[in-house]
Amino acid sequence: MRRFWALARSAALEALAEPLSAILFLVALLTVHLLPVFHLHQFGDPARLPRECGFSALLVFGLVFATSSAVRAIGRELESGTAAAALARPVPRPLFFCAKVSGVFAAFALFLLAVAGATLLSVITAQMGRAVSHGATLTWGPGLAAGVGGTLVAYALAAVGNGVLRTRFCVGACLLMAVAQPVALACVLHANQSPVPWALLPALGTLALGCAVFVAMAGALAVCLKPAAVATLLTVAVLLSFARPLRAVMPDINRFWLVDAFAAGGTVRAGDLCAIAGAGALLVAFWLVAGSALLARREIP
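Being a predicted model, the structure only gives us computed values, none of them experimental. (Residues numbered from 1 in each chain as written. Predicted model: local features only at pLDDT ≥ 70, side-chain atom pairs only at ≥ 80, totals over all residues. Heavy atoms only, no water.)

Student: What is the right way to read the overall build of the protein chain from this model?
Tutor: Within the protein chain, the regular secondary structure consists of 11 helices and zero strands. Each helix (α) and strand (β) of the protein chain, taken in turn from the N terminus, gives the series α-α-α-α-α-α-α-α-α-α-α. Radius of gyration (C-alpha) of the protein chain: 20 Å, near the 19 Å computed for a compact globule of 301 residues. In terms of principal-axis extent, the alpha carbons of the protein chain reach across some 70 × 50 × 30 Å. (Helix = DSSP H or I, 4+ residues; strand = E, 2+ residues; numbered from the N terminus. Rg over C-alpha atoms; globule rule 2.2 N^0.38 Å.)

As C-alpha cells, this is what we get:
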C-alpha cells in the first residue's frame, strides 16, 4: 500500500502541476459565479441558471482536466521510460495502473470540491438577489464578491507563494482555489443564514462519477494508443454517451445529468441516485480492470 499511495500522490501532483489545470480551475469557477449575472431572461426559478452552470462546468472543464491528466499520467510514463523504472522494482502492473488513475481521481475530487462550493454559493447569491430585489433578476452583491473575490485572491496568493516561497504555482493555485470556495460559502452563511441547497451535492457527485468512467477509459486507452488517438476516441465516446450510449462500456450521461430534477423545487430520489451511482462505479471498475490487463500484456522496454 505504501507504493500505491506514493504512485497515486505523484500522479495527483502531476495532474495539478500542469499549467492547463490552473487555467481550467479558474475558468470553471468564474463561469459558475459570473454567467448567472449576465442572464437576460426570467426563468421563474432564480437558482436554475446557477445550478446548470455548476453542472456544466463540472462536465465540460472537469472532463477536460481529468481525462487529459489521465492520458499524461499513463502515456507519458510509458513513453518517457519512467514506468519501466518503476516496474523494474517489485511493483505489479495492475497496482501501477490503478494507483496512477487513483491519483487522477484525487485531483478530480479537488476539482469537484471547488465546483460544488462555487455552485452552492452561486445558487444562494441568485436566491438572495431575488429576495432583496423583490422579484427582479438581480444578483446579491456580497455573495458574488465572496465567490469571485475568493477565486482571484487564491490565484494571487499562489503567485505570491511562487515568487516568495518558491512553491509550485499551479499546484498552489488549484489547492487554494478549491479551498477558497467552501471558505467563501462559510463566510456568506455566517453573515446571512440563507437556506443551502445541500441536495445538489449528491447529484454533483453522481455526475462526477459518470465523468470518472471516462477518466478510467482514458487511462486504459493511453496504455496502447498515442495521446491524439486517445483524444479522438474519447471525443467520440463522450458524444455517443449523449446520443446513443453503449451502456456496457460507457455511461449514459443523460441519466447522470440530474440537474433538471431540481426544477420547481423538485429533488432526486435516493433510490435513483444509488442506482445511477452503482452503474457508474461498475463501469469505473470495468475500465480499471481493462487498463490493468492491457498494461500487463504490453511490452515495456
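Anyway, onward from the coordinates.
Student: Honestly, helix H2 (residues 19-34) in this entry has me stumped. Any pointers?
Tutor: Compared with an ideal rise of 1.5 Å per residue, which puts 16 residues at 22 Å, H2 spans 22 Å between its outermost C-alpha atoms and is within 8% of the ideal. When H2 is considered as a whole, its buried residues turn out to be Ser21, Ala22, Leu24, Phe25, Leu26, Ala28, Leu29, Thr31, Val32 and His33. (Expected span 1.5 Å × (residues − 1). Buried < 20%, exposed > 50% of the residue type's maximum accessible area, 1.4 Å probe, protein only.)

Student: Help me out: how do you make sense of the pattern of salt bridges in this one?
Tutor: Side-chain pairs of opposite charge can arise where the charged atoms are in close proximity. Applying the stated rule across the entire model yields five salt bridges. Between Asp272 and Arg269 there is a salt bridge whose closest N-O contact spans 3.2 Å. You can call Asp272 partly exposed: its relative accessible area is 31%. Residue Arg269 is classed as exposed on the basis of its relative accessible area of 60%. In the salt-bridge network here, residues are joined through shared partners; they are Glu18, Arg72 and Arg76. (Salt bridge = Lys/Arg side-chain N within 4 Å of Asp/Glu carboxyl O.)

Student: I tried to follow the environment of Leu7 on my own but got confused; where do I start?
Tutor: Assignment of secondary structure puts Leu7 in helix H1 (residues 2-17). Between the C-alpha atom of Leu7 and that of Ala17, which follows or precedes it by 10 residues, the distance is 15 Å. Dropping the residues within four chain positions of it, Leu7 is found in contact with Val91, Leu95, Phe96, Ala99 and Lys100. (Contact = heavy atoms within 4.5 Å.)

Student: What exactly am I supposed to notice about the side chain of Ser122 here?
Tutor: Mapped onto the elements of the fold, Ser122 is located in helix H5 (residues 93-132). Setting aside residues no more than four positions away along its own chain, Ser122 makes contact with Val32, His33, Pro36 and Pro50.

Student: Can you help me understand the packing of helix H6 (residues 141-164) against helix H7 (residues 169-191) in this one?
Tutor: To describe two helices that pack against each other, one gives the angle between their axes and the distance between the axes. Taken N-terminus to C-terminus, the directions of H6 and H7 make an angle of 150°; their axes are 8 Å apart at the nearest point. Judged by the angle between their axes, H6 and H7 are roughly antiparallel. Like other packed secondary-structure pairs, H6 and H7 cross with a definite hand, here right-handed. From H6, Gly143, Ala146, Gly147, Gly150, Thr151, Ala154, Tyr155, Leu157, Ala158, Ala159 and Asn162 reach across to H7, where they touch Phe169, Gly172, Ala173, Leu176, Met177, Ala180, Gln181, Ala184 and Val188. Across the contact of H6 with H7, the residue classes tally to 13 nonpolar, seven polar and no charged. (Axes fitted to C-alpha atoms, helices over the stretch in contact; angles between N-to-C directions. Parallel < 35°, antiparallel > 145°, perpendicular 65-115°, else oblique. Left-handed = near helix turned anticlockwise from the far one by under 90°. Nonpolar A, V, L, I, M, F, W, Y, C, P; charged D, E, K, R; others polar.)

Student: Sorry if this is basic, but what is going on with the side chain of Arg51 here?
Tutor: Looking at where Arg51 falls in the secondary structure, it is placed in helix H3 (residues 48-80). Taking relative accessible area as the criterion, Arg51 reaches 8% and is therefore assigned buried. Setting aside chain neighbours within four positions, we find Arg51 in contact with Asp45, Thr119, Val123, Leu200, Val259, Phe262 and Ala263.

Student: Where do I start with the environment of Val249 in this structure?
Tutor: Checked against the element boundaries, Val249 lands in the loop between helix H9 (227-243) and helix H10 (253-256). Residues Val249 and Gly143 lie 106 residues apart in sequence; the distance between their C-alpha atoms is 41 Å. When sequence neighbours within four positions are dropped, the list of residues in contact with Val249 reads Val213, Met217, Leu283, Phe286 and Trp287.

Student: Explanation requested: a nonpolar patch on the surface in the structure shown.
Tutor: A cluster of nonpolar residues, Leu20, Ile23, Val27 and Val64, forms a patch on the protein surface that exposes about 290 Å² of accessible area. Ranked by the residues each element gives to the nonpolar patch, the list is headed by H2, at three residues. Looking at the secondary structure, you find Leu20 in helix H2. (Patch = residues over 30% accessible without salt bridge, like charges linked within 9 Å, V, L, I, M, F, W, Y side chains within 5 Å. Areas by Shrake-Rupley, 256 points an atom, 1.4 Å probe, with all protein chains shown as cover.)

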